[in-house]
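Close look at the chain arrangement
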Amino acid sequence: MDLSRFPRLSFAHLPTPLEPMENLTKKLGGPNLWIKRDDCTGLASGGNKTRKLEYLMADAVDKGADTIITQGATQSNHARQTVAIASRMGMECHILLEDRTGSKEKNYNYNGNVFLDLLFGGKLSKRPAGADMDAEMADLAEQLRREGRTPYIIPGGGSNEIGALGYVNAALELVEQAAAMNLRMDHVVHATGSTGTQAGLVTGLQGAGSAAHLLGIGVRAPRPKQEENVFKLAQKVCAHIGQPDLVKREHVVANCDYVGDGYGLPTDGMVEAVTMMARLEAILLDPVYSGKGMAGLIDLIRKGQFEKGENVVFIHTGGSVALFGYPHVFSFPDYRASVSQSAA
Ligand SMILES: *Cc1c(COP(=O)(O)O)cnc(C)c1O
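The rules behind each value
Per chain, residue numbering runs from 1 following the sequence as it is written. The predicted origin of the model limits local features to residues at a pLDDT of at least 70 and limits the giving and counting of side-chain atom pairs to 80 or more, whereas totals for whole chains, interfaces and linings rest on all residues. Computation of side-chain values covers all heavy atoms of the structure but excludes hydrogens and water. Should DSSP find at least two bridges between two strands, the strands are regarded as paired. Here a strand is any run of E in DSSP of at least two residues, a helix any run of H or I of at least four, and the numbering for each starts at the N terminus. Two aromatic rings, drawn from Phe, Tyr or Trp (for Trp, its six-membered ring), form a pair once their centres lie within 6.5 Å of each other, and the interplanar angle then sorts them: stacked below 30 degrees, edge-to-face above 60, tilted otherwise. For the exposure calls, accessible area comes from a 1.4 Å probe over protein chains only, and a residue counts as buried if that area is under 20% of its type's maximum, exposed if over 50%, partly exposed in between. The rule for a charge over a ring is simple: NZ of Lys or CZ of Arg within 6 Å of the ring centre, and within 35 degrees of the ring normal. How far a helix is expected to stretch is found by multiplying one less than its residue total by 1.5 Å. When we speak of the arc, we mean the arc of directions from the helix axis to the C-beta atoms. Any two residues having at least one pair of non-hydrogen atoms within 4.5 Å are treated as being in contact. By nonpolar core we mean a set of buried residues, namely Ala, Val, Leu, Ile, Met, Phe, Trp, Tyr and Cys, connected to one another through side-chain atoms within 4.5 Å. Note on definitions: the grid is 1 Å and covers protein atoms alone; a cavity is a set of points where a 1.4 Å probe fits but cannot get out; a pocket is an open set with protein on both sides within 12 Å along at least five of seven lines; lining residues have an atom within 4 Å of a point. Grid points are joined across faces, edges and corners, and a volume is the space filled by probe spheres set on the points. Only Asp, Glu, Lys and Arg are considered charged, only Ala, Val, Leu, Ile, Met, Phe, Trp, Tyr, Cys and Pro nonpolar, and every remaining residue, Gly among them, polar. Every axis in this analysis is a line fitted to C-alpha atoms, fitted for helices over the stretch in contact. Angles between the N-to-C directions lie between 0 and 180 degrees. Angles below 35 degrees are treated as roughly parallel, those above 145 as roughly antiparallel, those between 65 and 115 as roughly perpendicular, and all remaining angles as oblique. Any Lys or Arg side-chain nitrogen found within 4 Å of a carboxyl oxygen on Asp or Glu counts as a salt bridge.

1. Some details on the sheet that holds strand E8 (residues 213–218)
Reading across from one edge, E1-E2-E10-E7-E8-E9 is the order of the 6 strands in this open sheet, with mixed pairing throughout. Across the chains shown, the open sheet's two edge strands, defined by having one partner strand only, are strand E1 (18–20) and strand E9 (254–255). As paired strands, strand E7 (residues 187–192) and E8 are joined by 6 bridges and run parallel to one another. When the bridges of E8 are listed, His190 appears paired with Gly216.

Rendered as structure tokens:
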């Protein structure tokens, strides 16, 4: 598979490491667990949107853009990575934040990714939950055009056939890395949301002829809708790279049993997964995506879904900055008691 004809900028730190998780493997007593560190893509504290932005920002430059518009949830990691690179490239960046959770927590609304969006120089504004965010972006683009600017709209999560090329590439990188380590990948697991990551990965894995089973753990939509959306985008990606029938419907598998009450709303499994990964592997997950993805993986291992001796690679898609939007979800009672005692 050759993606070299597609315009791409280079600002991610690649390849990201592929490492064993020995302590977590031992603790769970199931398959051998590995982690692909896409939380370490470098730009603005990293994450999976950076690979997509290498292609999207190249397209923006080709189209003569001087302004970027995108959207996401309040604690969007995509927004943070987009603002950071847009600012570095001398472009203005408008971010529409959808209030998907309704949280009134101060940290959720001002800290974590929001704080960094502002620090990187983003122009932020909120929209209510359920707003038609694509229409909102189109309206803003129209207004900016009237002001003489040339805006470029990046869809939520950077998930279109251009952005997803970043994850076609990531799959090729992963297959090559595993081969060099003599690692037979049986399963690849990751959190799936706006679908670009899974659509790119499934295309890249098929393109590389990998036998690994890909599993997306959903963070928002129910399974039929999530799989349908991933497949739709995967078909567009395949058409874009000129291999239209590469991905079949049955290659797209999502498990959406770990969403809990909704997108961005904490679950006990997420808190357990984030805490275990911090203490066993010294790795920071996030509360919205990788924490729920890992919660799903841990639960499936406990249920015996994987064989001992199989190799499972978890793709860490980043997002730890969002932990600072959710500190209230983690309770450390002994320390709290000691603080109130020392204040008394
Ligand atoms: C956006 C995001 C995802 C999901 O990727 P999609 O391409 O939107 O499906 C997973 N993890 C983190 C940390 C993210 O920010």
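After that view of the structure, there is still more to cover.
2. Things to note about the packing of aromatic side chains
Under the counting rule described, the total for this entry stands at 2 aromatic pairs. Taken together, a centroid distance of 5.5 Å and an interplanar angle of 90 degrees make the contact between Tyr108 and Tyr326 edge-to-face. With Tyr108 in helix H4 (residues 106–110) and Tyr326 in the loop between strand E10 (311–316) and helix H12 (333–343), this pair connects stretches of sequence that are 218 residues apart. Measuring from ring centre to ring centre gives 5.9 Å for Tyr263 and Tyr289, while their planes differ by 75 degrees; the resulting arrangement is edge-to-face. One end of the pair, Tyr263, is in the loop between E9 and helix H10 (268–281); the other, Tyr289, is in the loop between H10 and helix H11 (290–302), and 26 residues separate them in sequence. By the burial criterion, Tyr263 is buried, and Tyr289 matches it. Sitting over the face of the ring of Tyr263, Arg100 holds its NZ or CZ atom 4.4 Å from the ring centroid. The ring of Tyr263 is capped by Arg220, whose NZ or CZ atom sits 5.6 Å from the centre of that ring.

3. Notes on H10
Taking 1.5 Å per residue as the helical rise, H10 with its 14 residues ought to reach 20 Å, and the 19 Å between its terminal C-alpha atoms agrees with that figure. Among the residues of H10, those classed as buried are Met270, Ala273, Val274, Met276, Met277 and Glu281. What you see down the axis of H10 is that its buried residues fit within an arc of 165 degrees, all on one side. Opposite the buried face of H10, at more than 90 degrees from it, the exposed residues are Asp268 and Arg279. Each element contacted by the buried residues of H10 is listed here: E1, helix H1 (22–28), strand E2 (32–37) and H11. Phi for Ala282, located one or two positions after H10, is positive at around 55 degrees.

4. Looking at the nonpolar core
Counting residues in hydrophobic clusters, the biggest one holds 55 residues, and the most contacted among them are Met57, Ile68, Tyr152, Met185, Val188 and Val313. Mapped onto this core, the elements with two or more residues apiece are helix H2 (49–62), helix H3 (77–88), strand E4 (92–98), helix H7 (165–180), helix H8 (196–207), helix H9 (223–240) and E10. Apart from the residues lying within four places of it in its own chain, the contact partners of Val188 are Leu174, Ala212, His213, Leu214, Leu215, Val313 and Ile315. In terms of nonpolar packing, the next biggest core, distinct from the first, is built from 36 residues, Met276, Leu285, Ile301 and Phe314 among them.

5. A short note on H9
For H9, which comprises 18 residues, the first-to-last C-alpha distance of 25 Å matches the rise-based estimate of 26 Å (1.5 Å per residue) to within 8%. Along H9, the residues classified as buried are Gln226, Glu227, Val230, Phe231, Leu233, Ala234, Val237 and Cys238. Tucked inside the fold, the buried residues of H9 contact H7, E7, H8 and E9. Immediately beyond the C-terminal end of H9, within one or two residues, lies Gly242, with a positive phi of roughly 80 degrees.

6. Points about the layout of surface pockets
Here the largest pocket is characterised by a volume of approximately 970 Å³. Every residue lining the largest pocket is counted, 43 residues in all, and those nearest its centre are Gly156, Ser159, Gly193, Ser194 and Thr195. Elements represented by at least two residues in the lining of the largest pocket include exactly H2, strand E3 (67–73), H3, helix H6 (133–146), E7, H8 and H9. Residue classes in the lining of the largest pocket are distributed as 10 nonpolar, 22 polar and 11 charged. By volume, the second largest pocket amounts to about 240 Å³. Val274, Thr275, Ala278, Arg279, Leu284, Leu323, Phe324, Pro327, Phe330, Phe332 and Arg336 are the residues that line the second largest pocket. Broken down by element, the lining of the second largest pocket gets its largest block of residues, 4 residues, from H10.

7. Section: the packing of H10 against H11
At a minimum axis distance of 8 Å, the contact between H10 and H11 shows a crossing angle of 90 degrees. When the axes of H10 and H11 are compared, the pair comes out roughly perpendicular. Taking contact as the criterion, the partners of Gly269, Met270, Glu272, Ala273, Val274, Met276 and Met277 in H10 are, on H11, Gly291, Lys292, Met294, Ala295, Ile298 and Arg302. The residue makeup of the contact of H10 with H11, split by class, is 8 nonpolar, 2 polar and 3 charged.

8. Considering the pattern of salt bridges
Any two side chains of opposite charge can pair, on the condition that their charged atoms come close. One pass over the structure, following the stated rule, counts 18 salt bridges. Residue Glu136 is joined to Arg127 by a salt bridge in which the shortest nitrogen-to-oxygen separation is 2.6 Å. On the accessibility criterion, Glu136 (25% relative accessible area) is partly exposed. Among the ionic pairs, Glu142 bridges to Arg145, the shortest N-O distance being 2.9 Å. Of this pair, Glu142 and Arg145 both sit in helix H6, 3 residues apart, roughly one helical turn.

9. Quick word on the environment of Thr150
One can find Thr150 in the loop between H6 and strand E6 (151–153). The class for Thr150 is partly exposed, based on a relative accessible area of 33%. Along the sequence, Thr150 and Asp117 sit 33 residues apart, while their C-alpha atoms lie 21 Å from each other. Ignoring anything within four residues of it in the chain, the contact list for Thr150 reads Lys63, Gly64, Ala65, Asp66 and Thr67.

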